[in-house]
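Listed here are the chains, written in short residue letters.
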Amino acid sequence: PQPSPFFDPGAQSVAGSLGVLQLKRDHLIPAILSASSDSDYAEGHVENTRFGSYPHSTLLNQPWGTQVLASVVDTGSRSSKSKKRKRDEGDEGENGGDAPTAKAGQSKSEVVKAERSRSEVVKAATASSGFAHLVPPTPETWTLCLPHRTQVVYTPDYSYILQRLRVRPGDHIIEAGAGSGSFTHASVRAVFNGYPWESNADEETTAKKRESKREGHVYSYEYHAPRAEQLQKEIASHGLDSLVTVTNRDVYGDGFCLDSEDEPNADVIFLDLPAPWQALKHLTRSPPSPAVLNAVSDASADASDTPQPTSKPFRSPLNPKSTTRICTFSPCIEQVTKTVSALRSLGWLEIGMSEIQAKRLEVRRERVGLQEEGLRGANPTAATVQEAVQRLRDVEDRAKAFHGLQKVKQDQVMRRAEAKKRGEKTAAATSETNGKSGAAKAKLDALPPSKHDRLERAKRDLERRALFKEGRLVHRTEPEIKTHTSYLVFAILPREWSREDEDKARKKWG
Ligand code: SAM
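Residues numbered from 1 in each chain as written. Predicted model: local features only at pLDDT ≥ 70, side-chain atom pairs only at ≥ 80, totals over all residues. Heavy atoms only, no water.

A. Geometry of the environment of lysine 233. Structurally, lysine 233 is set in helix α7 (residues 225-237). Given the relative accessible area of 52%, lysine 233 is considered exposed. Linking lysine 233 and valine 246, residues 13 residues apart in sequence, is a C-alpha distance of 9.9 Å. (Helix = DSSP H or I, 4+ residues; strand = E, 2+ residues; numbered from the N terminus. Buried < 20%, exposed > 50% of the residue type's maximum accessible area, 1.4 Å probe, protein only.)

B. Looking closely at helix α11 (residues 333-345). The terminal C-alpha atoms of α11 lie 19 Å apart, and with 13 residues this matches the ideal 18 Å at 1.5 Å per residue to within 8%. Those residues of α11 that sit buried are Gln335, Val336, Thr339, Val340, Ala342 and Leu343. One face of α11 carries all of its buried residues, which in axial projection span an arc of 165°. Turned more than 90 degrees away from the buried face of α11, the exposed residues are Glu334, Thr337 and Arg344. Where α11 ends, the next residue or the one after it, glycine 347, has phi of about 90°, a positive value. (Expected span 1.5 Å × (residues − 1). Arc of directions from axis to C-beta.)

C. Molecular detail of the nonpolar core. In terms of nonpolar packing, the biggest core is built from 40 residues, with Ile161 and Val244 touching the most fellow members. If you tally residues by element for this core, the top one is helix α5 (residues 182-191), at four residues. Split by domain, the residues of this core number at least three in each of domain 1 (18-93 + 110-137) and domain 2 (140-358 + 486-509). Those residues in contact with valine 244 that lie beyond four places of it in its chain are Thr184, Val188, His217, Val218, Ser220 and Ile235. Counting 29 residues, the second largest nonpolar core, distinct from the first, contains Ile174, Ala176, Tyr221 and Ala342. (Core = buried A, V, L, I, M, F, W, Y, C linked by side-chain atoms within 4.5 Å. Domains from an automatic or database assignment. Contact = heavy atoms within 4.5 Å.)

D. Representation of the environment of threonine 206 within the structure. Tracing the backbone shows threonine 206 in helix α6 (residues 203-212). Of the residues examined, threonine 206 reaches a relative accessible area of 12% and is grouped as buried. When the C-alpha atoms of threonine 206 and tyrosine 195 are compared, they prove to be 9.1 Å apart, with 11 residues separating the residues in sequence.

E. Here's a closer look at the packing of aromatic side chains. In this structure the tally under the stated criterion is six aromatic pairs. Both rings, one in phenylalanine 6 and one in tryptophan 142, keep their centres 6.4 Å apart while their planes meet at 85°; by these two values the pair is edge-to-face. Highlighted residues: phenylalanine 6 in the segment before β1 (18-24) and tryptophan 142 in helix α3 (residues 139-145), separated in sequence by 136 residues. A relative accessible area of 8% places phenylalanine 6 in the buried class. Residue tryptophan 142 is classed as buried on the basis of its relative accessible area of 4%. An angle of 75° between the planes, with centres 6.0 Å apart, marks the rings of tyrosine 160 and phenylalanine 490 as edge-to-face. Note that tyrosine 160 is positioned in helix α4 (residues 155-164) and phenylalanine 490 in strand β15 (residues 487-493), a separation of 330 residues in sequence. (Phe/Tyr/Trp six-rings, centres within 6.5 Å; stacked < 30°, edge-to-face > 60°.)

F. Inspection of the side chain of threonine 141 at higher detail. Note that threonine 141 resides in helix α3. For threonine 141, a relative accessible area of 14% gives the class buried. In this view, threonine 141 contacts Val20, Leu28, Val135 and Pro136; residues no more than four positions away in its chain are not counted.

G. Examining the sheet that holds strand β6 (residues 131-135) more closely. Pairing in this open sheet of four strands is antiparallel, and the strands run β2-β1-β6-β5 from one edge to the other. Edge positions in the sheet fall to β2 (27-32) and β5 (67-69), since each has one partner strand and no second. The average angle at which neighbouring strand axes cross in this sheet is 35°, direction not considered. When β1 meets β2, the two strands line up antiparallel, connected through six bridges. Paired with glutamine 22 across the two strands is leucine 28, which belongs to β2. (Pairing = 2+ DSSP bridges. Axes fitted to C-alpha atoms, helices over the stretch in contact; angles between N-to-C directions.)

H. Representation of the site of the ligand within the structure. Residues in close proximity to the ligand total 22 residues, the closest being Val153, Glu222, Arg227, Asp250 and Asp272. Within the side chain of arginine 227, one N or O atom sits 2.7 Å away from an oxygen atom of the ligand. A distance of 2.9 Å is found between a nitrogen atom of the ligand and a side-chain nitrogen or oxygen belonging to aspartate 272. Surface burial for the ligand is 92%, taken as the share of its 600 Å² of free accessible area covered by protein chains. Within the residue set of the shell around the ligand, elements represented by two or more residues are α5 and α8 (251-254). In terms of residue class, the shell around the ligand is made up of nine nonpolar, eight polar and five charged. (Near = heavy atom within 4 Å. Polar contact = N/O pair within 3.5 Å; in protein donor to acceptor, adjacent residues only side chain to side chain. Areas by Shrake-Rupley, 256 points an atom, 1.4 Å probe, with all protein chains shown as cover. Nonpolar A, V, L, I, M, F, W, Y, C, P; charged D, E, K, R; others polar.)

I. Geometry of the sheet that holds strand β11 (residues 324-330). Spatial ordering of the open sheet is given by β9-β8-β7-β10-β11-β15-β12, a layout of seven strands whose pairing is mixed. With partners counted over all chains shown, the strands left at the sheet margins are β9 (244-248) and β12 (349-355), one partner each. The average angle at which neighbouring strand axes cross in this sheet is 15°, direction not considered. By the bridge criterion, five bridges tie strand β7 (residues 172-176) to strand β8 (residues 217-222) in an arrangement that is parallel. The residue bridging histidine 172 from the neighbouring strand is histidine 217, located in β8. Where α4 meets the sheet, it contacts β7, β10 (268-271), β11, β12 and β15, and its direction lies at approximately 15° from that of β15. Strands in contact with α11 are β11, β12 and β15; relative to β15, the strand with the most contacts, it is inclined by about 5°.

J. Structural view of the pairing of β9. Pairing analysis gives five bridges linking β8 to β9, with the strands arranged parallel. From the neighbouring strand, serine 220 faces β9, where its bridge partner is valine 246.

K. Structural detail: the confidence of the model for the protein. Considering every residue of the protein, the mean pLDDT works out to 80; 75% of them sit at 70 or more. Within the model, pLDDT remains below 50 along residues 77-104, and this stretch shows 24 contacts once partners closer than five positions in the same chain are excluded. Every residue in residues 373-378 scores below 50 in pLDDT, and together they form 19 contacts with partners more than four places removed in sequence or on other chains. (pLDDT = per-residue confidence, 0-100.)

L. Spatial organisation of the pattern of salt bridges. A complete count under the given rule lists nine salt bridges for this structure. Two residues, arginine 360 and aspartate 26, come together in a salt bridge whose shortest N-O distance is 3.5 Å. Taken together, the residues span a long stretch of sequence, with arginine 360 in strand β13 (residues 360-366) and aspartate 26 in the loop between β1 and β2 at a distance of 334 residues. Classification of aspartate 26 as partly exposed rests on a relative accessible area of 28%. Salt-bridge contacts for arginine 315 lead to glutamate 261; the nearest nitrogen and oxygen are separated by 3.9 Å. (Salt bridge = Lys/Arg side-chain N within 4 Å of Asp/Glu carboxyl O.)

Structure below.
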């Protein structure tokens, strides 16, 4: 078997493997990279995005993390190729196939809509201004670009869950429902215990290695058949099928045991189901007594939860040799209450609930001193529009006040000169103009200090505080982060403990 690109993506992208195009921080698209020229485009396969077009030829054999520029895609050859195909198929419309023609049963507005979306694709195909980063597939990047079939568990939640559940290489995990497979990809990485084969190892070495350590495994259950099928396909195309078993099953009714005796043999359980308490009666070490089953079914108001008598012999899906750790993921507190009550009845311990409220913090340095002074650094272009407009107004007001003061002073000089000519005493004139110039000066002083004065003052202040170079460290929370708020219930079920185990332990530990 080939290593999965999720564990071993190699140094660079290769044809036939999964790559992820990161267009913005939280905007990623997956692509199975193809070197084939069998495409509508002259360039071969192309990823058309709102941020430009990326022919696969520009994405192949690139070291992961490469920044790729959008290309201008030859849409002419695309249409001539499609035209040719249409002609070959004898499907050309009366207008030569170019103008939108109504398909059977298509209304006029549908034709216009189809044409509009076609022109959007062409626009995107011809745009070449954008760039993207080519990154390898990981559970984190996959969660952000997987095809959504359901609500998914996001990275902030699953990283906390896997850590709280103490998932480690070699563990067996039960996951239900599988949904879109976001949690499946994160959990398979957590249990992965290395490949039992080496590139040139013979069968015997591989078998020995396989025996020497337990292989981790994810047992994934989903009752919606198309979802289960789709996930199975994705898991296979990601090279993870030897580590994940997807089963199409209603776990409320049919539980978790598989045909083979030693499967799933689970250490860890994660339930992302609408009614997790309905699945709990199947997660026990011994058959629950009728009284316990009644108590568990009482935990639910749902009649479908009533235990049905079964003729099958009891088999536990849990690993008898390890403490089972469980987490249930529920959006409502009523679901939590029912789950906790069922867990108690079934003997689970250390039951607790957590709620995750993930926040992303943006941390940066800010020229705080200069900002306090109404300037954003020494660079005037860094100012906001409002600040720039205010600054222009200040400059204008200052100029007006300055010219007013100058005029008053000129008047003063002229009046004095005229009074002197007439041989009058200048005292009266002087006191009148003094009053005017005093008012004009006061007006000028009342204005905000000039840019030059402010900059000088700010620099002096910052030099004193040694902040001018560094800026002050500030942070703010980003409101948008992809996570689905839910309540997480955690609990443990102690391992089986027999008289034999007790004797062995006494012997060993004294
Ligand atoms: N954890 C998944 C992920 O990260 O992508 C999302 C799970 S989705 C919210 C819940 C899934 O549980 C749905 O796909 C639904 O079909 C499935 N489901 C609901 N009841 C079920 C049952 N009784 N047995 C198995 N699957 C069930």
